[in-house]
Amino acid sequence: MAIDLSSPRIGGTFEEIQLGGSTNWMLLGPLPALPGQSNAKETIGYEGKDGISEFKTTLSAVAHNVAWGVMREKGTVLLVEFISNDVQKMMTASKRANYVAIGKQIAASFAHTHELSISSPTELTDSAIGEALSARPSRKPSALNTASSKRASVDPDSESPTTPTPGKFAASSTSSLSLASSAGLGSYDRLTESDADLVASQAEESLRRQEELREKKRKTREASELRMRIFEEEQSREMRWQNEWKSTEQKLIAEHKRILGSAQAPPMGHWLNQLTPDGRFWKRRWVTPEGHSLRIFKDSNARQPIQVIDLRSPVSIQNAKENYYFVNSFTLSASDGEHTFLADERSWYIHSIAVIEKASGK
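All chains use their own residue numbering, which begins from 1 and follows the written sequence. Whole-chain, interface and lining totals are the exception, using all residues; otherwise, since this is a predicted model, local features are given only for residues with pLDDT of at least 70 and side-chain atom pairs are given and counted only at 80 or more. Side-chain metrics in this entry use all non-hydrogen atoms of the structure; hydrogen atoms and water are not considered.

Asker: What's the story with the overall build of the protein in this structure? I'm lost.
Answerer: Each helix and strand in the protein was counted, giving 9 helices and 14 strands. The buried share of the protein, reckoned over its 362 residues, is 42%. Any two residues whose heavy atoms approach within 4.5 Å are treated as being in contact. In the protein, the share of contacts with a sequence separation of at least 24, taken over all contacts with a separation of at least 6, comes to 59%. The secondary structure listing takes helices from DSSP runs of H or I that are at least 4 residues long and strands from runs of E that are at least 2 residues long, numbered from the N terminus. Using a 1.4 Å probe on the protein chains alone, a residue whose accessible area is under 20% of its type maximum counts as buried, one over 50% counts as exposed, and one in between counts as partly exposed.

Asker: Just to check I follow, could you spell out the pattern of salt bridges for this structure?
Answerer: Between side chains of opposite charge, a pair can form as their charged atoms come close. What makes a salt bridge here is a side-chain nitrogen of Lys or Arg within 4 Å of a carboxyl oxygen of Asp or Glu, nothing more. Scanning all chains against the criterion turns up 11 salt bridges. When the shortest N-O distance is used, the salt bridge between E47 and R9 registers 3.3 Å. Of this pair, E47 sits in strand β3 (residues 41–48) while R9 sits in helix α1 (residues 8–18), and the two are 38 residues apart along the sequence. With a relative accessible area of 47%, R9 lands in the partly exposed category. A salt bridge links R218 to E215, with the shortest nitrogen-to-oxygen separation between them at 2.2 Å. Here E215 and R218 lie together in helix α7 (residues 196–262), a separation of 3 residues that amounts to about one turn. Connected through shared salt-bridge partners, E205, R208, R209 and E212 make up one network.

Asker: I tried to follow the side chain of T23 on my own but got confused; where do I start?
Answerer: One can find T23 in the loop between α1 and β2 (25–30). Classification of T23 as buried rests on a relative accessible area of 4%. Sequence-distant contacts of T23, defined by excluding residues within four places in its chain, comprise T13, E16, I17, E47, G48, K49 and R72.

Asker: So what exactly am I meant to see when it comes to the sheet that holds strand β12 (residues 316–319) here?
Answerer: Adjacent strands of a sheet form backbone hydrogen bonds with each other and so pair up, either parallel or antiparallel. Two strands qualify as a pair provided that DSSP identifies no fewer than 2 bridges between them. If you walk across this open sheet you meet the 7 strands as β11-β10-β9-β8-β14-β13-β12, and the pairing is antiparallel. Edge positions in the sheet fall to β11 (307–310) and β12, since each has one partner strand and no second. Between one strand and the next, the sheet's axes are offset by a mean angle of 35°, whatever the strand orientation. The pairing of strand β8 (residues 270–275) with strand β14 (residues 337–342) spans 2 bridges and is classified as antiparallel. Note on β14: the bridge partner recorded for N273 is L342. Only C-alpha atoms enter the line fits that serve as axes; for helices the fit covers just the stretch in contact. Angles between N-to-C directions range over 0 to 180 degrees.

Asker: Looking at this model, I keep getting lost on the packing of aromatic side chains. Mind explaining?
Answerer: Working definition: an aromatic ring pair is given by the centre-to-centre distance plus the angle between the planes. Two rings from Phe, Tyr or Trp (for Trp, the six-membered ring) form a pair when their centres sit within 6.5 Å of each other. Planes less than 30 degrees apart are called stacked, planes more than 60 degrees apart edge-to-face, and all others tilted. With the rule as written, the count across this model stands at 7 aromatic pairs. Here the aromatic rings of W282 and F326 are separated by 5.9 Å at their centres, their planes lie at 90°, and the arrangement is edge-to-face. In this pair, W282 is assigned in strand β9 (residues 282–290) and F326 in the loop between α8 (321–324) and β13 (329–334), connecting sequence segments 44 residues apart. Look at F326 and you get partly exposed, because its relative accessible area is 37%. Among the aromatic residues, those joined into a ring-pair cluster are W282, Y324 and F326.

Asker: For this particular structure, what's the right way to read helix α5 (residues 126–134)?
Answerer: The α-helix advances 3.6 residues per turn, and as a result positions three or four apart in sequence lie on the same side. Along α5, the residues classified as buried are A128, I129, A132 and L133. All buried residues of α5 fall inside an arc of 130° around its axis, so they share one side. Among the exposed residues of α5, those pointing more than 90 degrees away from its buried face are D126, S127 and S134. The elements touched by buried residues of α5 are α2 (51–61), β4 (66–73), β5 (76–83) and β6 (114–118). Arc definition: directions from the helix axis to the C-beta atoms.

Asker: Whenever I open this one, the nonpolar core confuses me. Can you help?
Answerer: Membership of the largest hydrophobic core comes to 20 residues, with the highest contact counts inside it found for L294, I309, L311, F330, L332, F341 and I356. Put simply, the parts of the chain that give this core at least two residues each are β10 (293–297), β13 and α9 (346–359). If you tally residues by element for this core, the top one is α9, at 6 residues. Not counting chain neighbours up to four residues away, the residues in contact with F330 comprise L272, I317, Q318, N319, A320, H339, T340, F341, Y349, S352, I353 and I356. Each nonpolar core is a collection of buried residues, namely Ala, Val, Leu, Ile, Met, Phe, Trp, Tyr and Cys, held together in the definition by side-chain atoms within 4.5 Å. Core analysis: the second largest hydrophobic core is formed by 19 residues, V87, M91, I102 and F110 among them.

Asker: Please explain the side chain of H270 as it appears in this structure.
Answerer: Along the chain, H270 turns up in strand β8. In this structure H270 comes out as buried when scored by relative accessible area, which is 3%. What qualifies as a polar contact is a pair of N or O atoms within 3.5 Å, subject to a donor-acceptor requirement within protein and to the restriction that residues adjacent in sequence count only when both atoms come from side chains. Side-chain polar atoms of H270 contact the side chain of S352, separated by 2.8 Å. If we ignore the near neighbours within four places in the chain, the residues touching H270 are R285, W286, V287, W348, H351 and S352.

Asker: Help me understand the environment of A254, please; the structure alone is not making it clear to me.
Answerer: Structurally, A254 can be placed in helix α7. Along the chain, A254 and I350 lie 96 residues apart, while their C-alpha atoms are 9.4 Å from each other.

What follows is the structure, given as structure tokens:
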């Protein structure tokens, strides 16, 4: 899109607005390129004599477009820039740069003292205009003060004529003159004439960084989901293993009890590690079943037991791995309390439980 301010109609209309004629506002807007044209041209679209109300009505009719208005209000010339919210949402980096350049060229071409940027016709209120007019005057007269001033067609990608530095807008709104801030260049009054490419590159860089951030978040989320799946699979495998082992364990204990029952001699004593009552140490003990009791000796040579556990009352045996982290540990719950043991090998673990269950009558 290029700016064409060479039309005598534009100059004449602006001169009438500036000098207090019957026409008190005009609206410029981009028109689509005709067949065979590489660029659309900037041209006058509307003009009027009935002030703000007529200007707002006309602006509402182009609510999905981009427009720049010049109007006379309280003896001063006000430049109004309008970019609708719908256009801003779909604006690409290249269009953003074009609109910045066009807005700068229009601001440099028409002598005005105040500026106002809006994204909806409803923002053009008396209070907003009053605030804009009460702000510090933003610029000196430009090269297009009269209809006889020289006007040229300028491409926003080329070098523009030297432009007086405009001030900040009195009312804040995201638009083409203020798009430089969202592109990371600060306020409009710090821009230079050759900033179109810079605005585009900075906007593209901002989009690239946003895309990198989204990609990083996506990878972090995927890694977290992967860790969670691995954890759930490990938990599932552990649960299956425990269920399978419990089933196998019960079969081994039942078979061992059957063998003990068919033996003529009573089962022999064997070594077990017993957890002390305070749960701090494991003491190695010689354990021998006798009738319906389990006799515990200090060693295999001792004649008197240091403890006798009565197995006639209901007893229960639970694997103690979850509490003490040893696979071959178990807790015997009897009438006198709980007793935790640890076997040296899996075979002695099975043997101990089978002996206890047989002695208790299970």
